[in-house]
Amino acid sequence: MTWTAPELEPTRTVRVGGERPLLQSWLDFHRQTLLGKCGGLDAEQLATRSVSPSSLSLLGLVRHLTDVEHAWFRQGAAGEDATFRYWSTAEPDADFDEPATPSAEEVFAAFHAEVAACDAAIADLPLDHVFQRPRYTGDFTLRWAYLHMIEEYARHNGHADLLRERIDGVTGSF
C-alpha cells in the first residue's frame, strides 16, 4: 500500500487573547497549512519539483521547515546542542536537493517530532528571552523568532500553493 500524506481540516487562529497565544496560534496555523497543502499526495507527488532549475518540492519544504524550526527554536532560543536532520555545512541545500530520502512518511514523522520538541523547548521561555544564533551577529528575542517563523511559513506556503496547483490543480485554503 502506498503512503499518502494525511488530509487535514483547516484550523482557525485565536482571535482574542494574550500575545503568546496569538503568536502560537498563527504559527500553528501556518504549520497546518503546509501539511494541508500536502494532504492526499503520495511520495512521488510530494517529491515533484517545481520547474527547472529549481529543486523546490513539497517534500523539500517540509524537510526545510523541519530544520528551520530546529534552528530558531531548539538550537537558538533554547540553546540545545542538537544536530540538524537534513542541513549540513557540506550539504547546505540537502533539504531541497534530496527529497526522496528518507521516505516521505519518515519526513512527516520527523516534522511532527521536531515541532513537538520545539514547542516543548520554548514553552517556559518568555517572549523577551534573548539568544544568539551561529552564523548570525547580534541578539534575537523569542518574540522575533516567532514572527520570523510565521513569515517563513507564510512565504513557503505560497510556494506550496503553487506546487500543489502544478501537481493536481488543487487550490484553496489548503
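Just above sits the structure.
Reading the values: the criteria
Residues numbered from 1 in each chain as written. Predicted model: local features only at pLDDT ≥ 70, side-chain atom pairs only at ≥ 80, totals over all residues. Heavy atoms only, no water. Helix = DSSP H or I, 4+ residues; strand = E, 2+ residues; numbered from the N terminus. Rg over C-alpha atoms; globule rule 2.2 N^0.38 Å. Buried < 20%, exposed > 50% of the residue type's maximum accessible area, 1.4 Å probe, protein only. Contact = heavy atoms within 4.5 Å. Areas by Shrake-Rupley, 256 points an atom, 1.4 Å probe, with all protein chains shown as cover. Phe/Tyr/Trp six-rings, centres within 6.5 Å; stacked < 30°, edge-to-face > 60°. Core = buried A, V, L, I, M, F, W, Y, C linked by side-chain atoms within 4.5 Å. Axes fitted to C-alpha atoms, helices over the stretch in contact; angles between N-to-C directions. Parallel < 35°, antiparallel > 145°, perpendicular 65-115°, else oblique. Left-handed = near helix turned anticlockwise from the far one by under 90°. Nonpolar A, V, L, I, M, F, W, Y, C, P; charged D, E, K, R; others polar. Expected span 1.5 Å × (residues − 1). Salt bridge = Lys/Arg side-chain N within 4 Å of Asp/Glu carboxyl O.

A few words now on the overall build of the protein chain. The secondary structure content of the protein chain amounts to 6 helices and 2 strands. Ordered by position from N to C terminus, the α and β elements of the protein chain give α-α-α-α-α-β-β-α. The globule rule puts the C-alpha radius of gyration for 174 residues at 16 Å, and the 16 Å found for the protein chain is close to it. With the principal axes as the frame, the protein chain shows a C-alpha extent of 45 × 45 × 30 Å. Relative to its 174 residues, the protein chain shows a buried fraction of 43%. For the protein chain, the share of sequence-separated contacts (at least 6 apart) that also reach a separation of at least 24 residues comes to 72%. Approximately 8900 Å² of the protein chain is accessible, and the part contributed by carbon and sulfur atoms is 54%.

What follows deals with the packing of aromatic side chains. With the rule as written, the count across this model stands at 11 aromatic pairs. Ring geometry for Phe140 against Trp144: centres 4.8 Å apart, planes inclined by 50 degrees, an arrangement best described as tilted. Taking relative accessible area as the criterion, Trp144 reaches 36% and is therefore assigned partly exposed. Through a chain of ring-to-ring contacts, the aromatic side chains of Trp72, Phe131, Tyr136, Phe140 and Trp144 assemble into a single cluster.

This part covers the nonpolar core. As a rule of thumb, nonpolar side chains are buried together in soluble globular proteins. Grouped together as the largest cluster of nonpolar side chains are 40 residues, with contacts concentrated most on Leu46, Leu58, Leu61, Phe73, Phe108 and Leu142. Residue assignment for this core shows that the elements contributing at least two residues are helix 1 (19–38), helix 3 (58–77), helix 5 (104–122) and helix 6 (142–168). At 9 residues, the largest contribution of residues to this core is made by helix 3.

Further remarks concern the packing of helix 1 against helix 6. Two packed helices can be described by the angle between their axes and the distance between those axes. At a minimum axis distance of 9 Å, the contact between helix 1 and helix 6 shows a crossing angle of 20 degrees. Between helix 1 and helix 6, the angle is such that the two are roughly parallel. The element helix 1 and its partner helix 6 pack so that their crossing is left-handed. Considered class by class, the residues forming the contact of helix 1 with helix 6 number 13 nonpolar, 5 polar and 7 charged.

So, about helix 1. Helix length check: helix 1, at 20 residues, gives a terminal C-alpha distance of 29 Å against a target of 28 Å (1.5 Å per residue), a fit within 8%. What helix 1 keeps buried is the set Leu23, Gln24, Ser25, Leu27, His30, Arg31, Thr33, Leu34, Leu35, Gly36, Lys37 and Cys38. Residues of helix 1 that are buried make contact with helix 2 (43–46), helix 3, helix 5 and helix 6. Just past helix 1, the residue Gly40 takes up positive phi, approximately 85 degrees.

Summed over the entire model, instances satisfying the criterion amount to 12 salt bridges. Of the charged contacts in the structure, one is a salt bridge between Arg143 and Glu19, with a shortest N-O distance of 2.7 Å. Of this pair, Arg143 sits in helix 6 while Glu19 sits in helix 1; the two residues are 124 residues apart in sequence, bridging distant segments of the chain. The class of Arg143 is partly exposed, set by a relative accessible area of 23%. Assessed through its relative accessible area of 40%, Glu19 is described here as partly exposed. Note that Glu69 and Arg31 form a salt bridge whose closest N and O atoms lie 2.8 Å from each other. Residue Glu69 is found in helix 3, and its partner Arg31 is found in helix 1; the two are separated by 38 residues along the sequence.

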